[in-house]
Amino acid sequence: MWLTFLRGFSCFLRGLSFFLRGSACFLRGFHYYLRGLQFLRSFSFFLRGLLNYLRGSVLFLRVLHSYLRGLQFLRGFSCFLRGLTDYLRGSVCFLRGLHYYLRGLQFLRGVLLFYAALTYFY
């Protein structure tokens, strides 16, 4: 009887050790599962950060594109201003030439009047 009790008790202890080992393996597996979930969580943060980085890069490229287009606008505007100053210089030269032309006509008129006066008196 004692022998049967001892055999049963040893089987019970062996079963308990297997149960405890299984529980430890289960808890270790659950621990790694939770660490895996933390990995997935950190990986999702990494992916979210990567997505935000890409969005920021796209926005930066848009701003750079707008800035370069603005520089092209400024370049075109400076060319426009250069053309305008050349036009104004040309207009000033034209008006100066017209002024001298009219003064030349007045001189010729004066010469003709002087010649007419000479011929009138002589």
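(A) Main features of the overall build of the protein chain. Regarding its fold elements, the protein chain presents 1 helix and 0 strands. Compactness check: the protein chain gives a C-alpha radius of gyration of 52 Å against a globular reference of 14 Å for 122 residues, more than 25% above the reference. Viewed in the frame of its principal axes, the protein chain has a C-alpha envelope of about 175 × 5 × 5 Å. The burial tally for the protein chain puts 0% of its 122 residues in the buried class. Carbon and sulfur atoms make up 73% of the accessible area of the protein chain, which totals about 11,800 Å².

(B) Spotlight on the pattern of salt bridges. With the rule as written, the count across this model stands at 1 salt bridge. A salt bridge links Asp86 to Arg89, with the shortest nitrogen-to-oxygen separation between them at 3.6 Å. Highlighted residues: Asp86 and Arg89, both in helix H1 (residues 2–121), separated by 3 residues, approximately one helical turn. Residue class for Asp86 comes out partly exposed when judged on its relative accessible area of 45%. The exposure class of Arg89 is exposed, given its relative accessible area of 58%.

(C) Fine view of the packing of aromatic side chains. Scanning all chains against the criterion turns up 7 aromatic pairs. Each ring, one from Phe26 and one from Phe30, has its centre 6.2 Å from the other, and the planes form 15 degrees; the classification is stacked. Highlighted residues: Phe26 and Phe30, both in helix H1, separated by 4 residues, approximately one helical turn. Look at Phe30 and you get partly exposed, because its relative accessible area is 41%. The interplanar angle of 20 degrees and the centroid separation of 5.9 Å between the aromatic rings of Phe39 and Phe43 together place this pair among those described as stacked. One end of the pair is Phe39 and the other is Phe43, both in helix H1 and 4 residues apart, which spans about a single turn. Residue class for Phe39 comes out exposed when judged on its relative accessible area of 52%. Phe43 sits in the partly exposed class, given a relative accessible area of 37%. Taken together, the aromatic side chains of Phe26, Phe30 and Tyr33 make up a single cluster linked through ring pairs.

Reading guide: rules and limits
- All residue numbers here refer to positions counted from 1 along the written sequence of the relevant chain.
- Where local features are concerned, this predicted model is filtered to residues with pLDDT of at least 70; where side-chain atom pairs are given and counted, the filter is 80 or more; whole-chain, interface and lining totals use all residues.
- Hydrogens are left out, water is left out, and the side-chain values use all remaining heavy atoms of the structure.
- Think of it this way: any DSSP run of H or I at least four residues long counts as a helix, any run of E at least two long counts as a strand, and we number them from the N terminus.
- Two things to know: the radius of gyration comes from C-alpha atoms, and the globule rule equals 2.2 Å times the number of residues to the power 0.38.
- In this scheme, a residue with accessible area under 20% of its type's maximum is buried, one over 50% is exposed, and one in between is partly exposed, where area comes from a 1.4 Å probe on protein chains only.
- All accessible-area figures derive from a Shrake-Rupley calculation using a 1.4 Å probe, and residue coverage is judged against the displayed protein chains alone.
- Note on definitions: salt bridges are taken to be side-chain nitrogens of Lys or Arg within 4 Å of carboxyl oxygens of Asp or Glu.
- For this analysis, a ring pair means two rings from Phe, Tyr or Trp (six-membered ring only for Trp) whose centres lie within 6.5 Å, classed as stacked if their planes differ by under 30 degrees, edge-to-face if by over 60, and tilted for the remaining angles.

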